[in-house]
Amino acid sequence: GPFSLKIEPATGGTVEISPQQSTYPEGTLVTLTAKPDANFEFDKWLHVGSANPIQIEVSKDLNMTPVFKKKNERILNGDFSLGMKSWGNFYFYSAQQKATAPVSDGVYAANVTSPGTANWHIVDQQGNIPLVQGTAYKISFDSWSENPGTMDVFLAENHDTYATYYSTTKNISKTRQSYTWTVAMSKASDPNCRFGFGFGRFTGKVFL
């Protein structure tokens, strides 16, 4: 030592550090308390855990990243401010389908280099999403593509038979468009669902 402690900036809140010093002798105990802004809630410390406040022992140079999410938000990293965190969970129908999806400046770009014959043949998705029976959920995103095509948007089981609760198709053009609508969960509450996009019939890049 002495060692540094850096708190990465995050949308939706700030962090209180105690004691707050420019550097810390080895072994110093520091308490970090995440303070969410209005309409946000603390989710976790990236790659560390969800305790709040959290006490850490400084034994090396540390970078801590708080993750805040909008209250009642079901999608993690929905603005891609953390890059591909919580995304990139691709499903490919067969070894013939190929796609990658980097994030640049808050824009997700699925690059389909070998399409399938159905939208669900290439899917990126998030799991462990709780849905409550009788509750309405708003789906909202912007999208455009290098080549016009159709994209599936779905909610489904993330277990057992992987049955689909809801699915719709959106026409995606070269012009950026906003899509917003509401879906009601009519089935029994399910603590482990999937939300995703089906890119299987596209060629080239699809942007979110």
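Residues numbered from 1 in each chain as written. Predicted model: local features only at pLDDT ≥ 70, side-chain atom pairs only at ≥ 80, totals over all residues. Heavy atoms only, no water.

## Some points on the overall build of the protein
For the protein, the count of helices and strands is 0 helices and 18 strands. For the C-alpha atoms alone, the extent of the protein along its principal axes is close to 60 × 40 × 30 Å. Within the protein, buried positions represent 39% of all 208 residues. Look at the contacts in the protein between residues 6 or more apart in sequence, and 66% of them connect residues 24 or more apart. Element-wise, carbon and sulfur atoms account for 47% of the exposed surface of the protein, whose accessible area totals about 11,200 Å². Across the protein, 18 positive and 18 negative side-chain charges occur, with their mean positions spaced 7 Å apart. (Helix = DSSP H or I, 4+ residues; strand = E, 2+ residues; numbered from the N terminus. Buried < 20%, exposed > 50% of the residue type's maximum accessible area, 1.4 Å probe, protein only. Contact = heavy atoms within 4.5 Å. Areas by Shrake-Rupley, 256 points an atom, 1.4 Å probe, with all protein chains shown as cover. Lys, Arg positive; Asp, Glu negative; His and termini not counted. Charge placed at Lys NZ, Arg CZ, Asp CG, Glu CD.)

## Digging into the layout of surface pockets
One number sums up the size of the largest pocket: a volume of about 1,100 Å³. Lining the largest pocket are 43 residues, and of these Glu73, Ile75, Asn77, Gly78 and Asp79 sit closest to its centre. Put simply, the parts of the chain that give the lining of the largest pocket at least two residues each are β4 (40-45), β7 (66-70), β12 (122-131), β13 (136-145) and β17 (190-198). If you tally residues by element for the lining of the largest pocket, the top one is β13, at 8 residues. Partitioning the lining of the largest pocket into residue classes produces 23 nonpolar, 9 polar and 11 charged. Considered as a void within the structure, the second largest pocket measures approximately 230 Å³ in volume. In this structure, the second largest pocket is lined by Tyr91, Trp120, Val123, Gln125, Asp152, Phe154, Ala156, Tyr162, Thr164, Ser167, Arg194 and Gly198. Classifying every residue of the lining of the second largest pocket by side-chain character gives 6 nonpolar, 4 polar and 2 charged. (1 Å grid on protein atoms, 1.4 Å probe; cavity = no way out; pocket = protein on both sides within 12 Å on 5 of 7 lines; lining within 4 Å. Points joined across faces, edges and corners; volume = space filled by probe spheres on them. Nonpolar A, V, L, I, M, F, W, Y, C, P; charged D, E, K, R; others polar.)

## Details of the sheet that holds strand β5 (residues 54-58)
Pairing is antiparallel in the open sheet, where 3 strands are placed in the order β2-β3-β5. Two strands close off the open sheet at either side, each with one partner strand: β2 (13-18) and β5. Ignoring strand direction, the axes of neighbouring strands in this sheet form an average angle of 30 degrees. The pairing of strand β3 (residues 28-36) with β5 spans 5 bridges and is antiparallel. The residue bridging Val30 from the neighbouring strand is Ile56, located in β5. (Pairing = 2+ DSSP bridges. Axes fitted to C-alpha atoms, helices over the stretch in contact; angles between N-to-C directions.)

## Re the environment of Ser173
Within the element layout of this structure, Ser173 appears in the loop between β15 (164-172) and β16 (177-184). What Ser173 contacts, discounting residues up to four positions off in sequence, is Trp144, Ser145 and Pro148. At 3.1 Å, the side chain of Ser173 forms a polar contact with the side chain of Gln177. (Polar contact = N/O pair within 3.5 Å; in protein donor to acceptor, adjacent residues only side chain to side chain.)

## A word on the sheet that holds β15
One open sheet accounts for 5 strands, arranged β8-β12-β17-β14-β15; its pairing is antiparallel. With partners counted over all chains shown, the strands left at the sheet margins are β8 (90-92) and β15, one partner each. The mean angle between the axes of side-by-side strands here comes to 25 degrees, regardless of whether they run parallel or antiparallel. In this structure, strand β14 (residues 149-157) lies alongside β15, joined through 8 bridges in antiparallel fashion.

## Some details on a nonpolar patch on the surface
A cluster of nonpolar side chains, namely Tyr91, Tyr93 and Trp120, defines an oily patch on the protein surface of about 330 Å² accessible area. For Tyr93, the location among the structural elements is in the loop between β8 and β9 (98-100). (Patch = residues over 30% accessible without salt bridge, like charges linked within 9 Å, V, L, I, M, F, W, Y side chains within 5 Å. Salt bridge = Lys/Arg side-chain N within 4 Å of Asp/Glu carboxyl O.)

## Here we look at the side chain of Asp190
For Asp190, the location among the structural elements is in strand β17. Although Asp190 lies buried, it forms no salt bridge, and the closest oppositely charged side chain, Arg194, sits 8.8 Å away as judged by the N-O distance. One polar contact links Asp190 to His159, side chain to side chain, over a distance of 2.9 Å. Of the polar contacts made by the side chain of Asp190, one reaches the side chain of Tyr165; its length is 2.8 Å. Once residues lying within four places of it in the same chain are set aside, the contact partners of Asp190 are Ile129, Pro130, Leu131, Glu157, His159, Tyr165 and Met185.

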